[in-house]
Amino acid sequence: DTAVSQTPKYLVTQMGNDKSIKCEQNLGHDTMYWYKQDSKKFLKIMFSYNNKELIINETVPNRFSPKSPDKAHLNLHINSLELGDSAVYFCASSLWSGANVLTFGAGSRLTVL
Amino acid sequence: GQQVMQIPQYQHVQEGEDFTTYCNSSTTLSNIQWYKQRPGGHPVFLIQLVKSGEVKKQKRLTFQFGEAKKNSSLHITATQTTDVGTYFCAGFNAGGTSYGKLTFGQGTILTVHP
């Protein structure tokens with residue numbers, strides 16, 4: 001059983017399109033995250049939800065909108081995709097917001113042409 | 001805001017040589033974690049250090065947390081080709097809130113030549 005699963009694994013799309021990435025965790029964790037990893041491997045937090053409530057919202061363009069329908073799911077929708085959005089997006093979860101050891105998903109590689 | 005600097009960015013070693021990566025935080029940390037990301041993979045948690053001056057070992061890996069809880073290091077003895085990957089430190093600071101933020105260093109990409 002995959003602990004943190006993301007879909008799709010790969011996304012190739014044109015500039016201006018809208019796309020979504022889905023994430024689910026079966027660990028019973030309360031907190032979920034979206035991280036962006038650029039081509040230089042830098043990992044930057046984008047959002048964090050604790051039991052469906054947004055608790056971290058870094059400086060991210062408002063084209064990015066996370067949604068957490070329940071504490072086991074955290075989705076990321078991106079509007080009007082730009083070339084600079086090309087990256088690997090990792091979903092992660094932790095037991096609770098203060099117990100911050102992260103379990104990462106396999107990542108979703110987004111390529112914007 | 002909190003910054004975590006990690007050096008070196010790249011390290012190429014011959015198999016059998018030692019390797020060290022260093023991490024420095026601009027603020028005092030509650031704890032520091034280390035992750036390893038294999039090429040094409042995702043970050044995987046290695047260890048968490050909490051106490052000032054703490055040293056932990058995992059086989060050939062030795063992790064240290066500085067006395068001031070602002071710096072940390074990971075040392076690998078006698079590297080093997082299976083050690084290839086990117087090693088990240090990540091500093092956690094609760095910052096007086098009920099939740100904290102984990103800030104990742106830039107990572108050190110390790111290549112091991114057989």
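As shown above, the structure is provided for reference.
Described below are features of the structure shown in this document. Given the structure is predicted, the values throughout are model-derived calculations rather than measurements.

### A few points about the overall build of chain A
If you tally the helices and strands in chain A, you get zero helices and 11 strands. Counted from the first residue to the last, chain A has its helices and strands arranged as β-β-β-β-β-β-β-β-β-β-β. For chain A, the C-alpha radius of gyration of 13 Å lies close to 13 Å, the compact-globule estimate for 113 residues. When its C-alpha atoms are laid out on the principal axes, chain A stretches across 35 × 30 × 25 Å. The proportion of buried residues among the 113 residues of chain A is 44%. For chain A, the share of sequence-separated contacts (at least 6 apart) that also reach a separation of at least 24 residues comes to 55%. When the accessible area of chain A is evaluated, it comes to approximately 5,500 Å², of which 51% is carbon and sulfur surface. Where the 12 positive side-chain charges of chain A centre and where its 10 negative ones centre are 6 Å apart.

### Concerning the pairing of strand 6 (residues 55-58) of chain B
Each regular strand carries side chains that alternate between the two faces of the sheet. All names here are of chain B. Taken together, the four bridges between strand 6 and strand 7 (residues 61-65) define a ladder with antiparallel strand orientation. Following the sheet pairing, Gln58 is matched in strand 7 by Leu61. With antiparallel pairing between neighbouring strands as the criterion, strand 6 and strand 7 make up a hairpin whose turn holds two residues, including Lys59 at a positive phi of roughly 55°.

### A look at the state of the cysteines
Tallied over the entire structure, the rule returns two disulfides over all chains. A disulfide bridge connects A:Cys23 with A:Cys91, and the sulfur atoms are separated by 1.9 Å. As the torsion about the S-S bond is roughly -80°, the A:Cys23-A:Cys91 disulfide counts as left-handed. Linking A:Cys23 in strand 3 (residues 19-25) with A:Cys91 in strand 9 (residues 87-94), this pair joins segments that are 68 residues apart in sequence. A relative accessible area of 2% places A:Cys23 in the buried class. The disulfide partner of B:Cys23 is B:Cys89, and the S-S distance across this bridge is 1.8 Å. In this structure the cystine formed by B:Cys23 and B:Cys89 twists about its S-S bond by roughly 65°; its chirality is therefore right-handed. Of the two residues, B:Cys23 sits in strand 3 (residues 19-25) while B:Cys89 sits in strand 9 (residues 85-93), which places them 66 residues apart along the sequence. By relative accessible area, which is 1% here, B:Cys23 ends up buried.

### Focus on the pattern of salt bridges
All names here are of chain A. Taken as a whole, this structure holds five salt bridges over all chains when the rule is applied. Asp85 is the partner of Arg63 in a salt bridge, and the nearest nitrogen-oxygen pair spans 2.8 Å. Within this pair, whereas Arg63 is found in the loop between strand 6 (53-57) and strand 7 (64-70), its partner Asp85 is found in the loop between strand 8 (73-78) and strand 9, the two being separated by 22 residues in sequence. Judged by relative accessible area, which is 14%, Arg63 ranks as buried.

### Notes on the sheet that holds strand 8 (residues 71-76) of chain B
Residue and element names in this part refer to chain B. Reading across from one edge, 1-3-8-7-6 is the order of the five strands in this open sheet, with antiparallel pairing throughout. The sheet is open, and its two borders are formed by strand 1 (4-7) and strand 6, each paired with just one other strand. Within this sheet the neighbouring strands show an average axis-to-axis angle of 15°, counted without direction.

### Structural notes on the packing of aromatic side chains
Applying the stated criterion to the full structure yields 12 aromatic pairs over all chains. Ring geometry for A:Tyr35 and A:Phe104: centres 5.7 Å apart, planes at 55°, overall tilted. On the criterion of sequence distance, the pair formed by A:Tyr35 in strand 4 (residues 31-37) and A:Phe104 in strand 10 (residues 103-104) is long-range, its members being 69 residues apart. Each member of the pair, A:Tyr35 as well as A:Phe104, is classed as buried. Residues B:Tyr35 and B:Phe104 carry aromatic rings whose centres are separated by 5.5 Å and whose planes lie at 50° to one another, so their mutual orientation is tilted. With B:Tyr35 in strand 4 (residues 31-37) and B:Phe104 in strand 10 (residues 101-104), this pair connects stretches of sequence that are 69 residues apart. We classify B:Tyr35 as buried; its relative accessible area is 0%.

Cut-offs used in this document
- Residues numbered from 1 in each chain as written.
- Chains lettered and ligands numbered in written order.
- Predicted model: local features only at pLDDT ≥ 70, side-chain atom pairs only at ≥ 80, totals over all residues.
- Heavy atoms only, no water.
- Helix = DSSP H or I, 4+ residues; strand = E, 2+ residues; numbered from the N terminus.
- Rg over C-alpha atoms; globule rule 2.2 N^0.38 Å.
- Buried < 20%, exposed > 50% of the residue type's maximum accessible area, 1.4 Å probe, protein only.
- Contact = heavy atoms within 4.5 Å.
- Areas by Shrake-Rupley, 256 points an atom, 1.4 Å probe, with all protein chains shown as cover.
- Lys, Arg positive; Asp, Glu negative; His and termini not counted.
- Charge placed at Lys NZ, Arg CZ, Asp CG, Glu CD.
- Pairing = 2+ DSSP bridges.
- Disulfide = S-S within 2.5 Å.
- Salt bridge = Lys/Arg side-chain N within 4 Å of Asp/Glu carboxyl O.
- Axes fitted to C-alpha atoms, helices over the stretch in contact; angles between N-to-C directions.
- Phe/Tyr/Trp six-rings, centres within 6.5 Å; stacked < 30°, edge-to-face > 60°.

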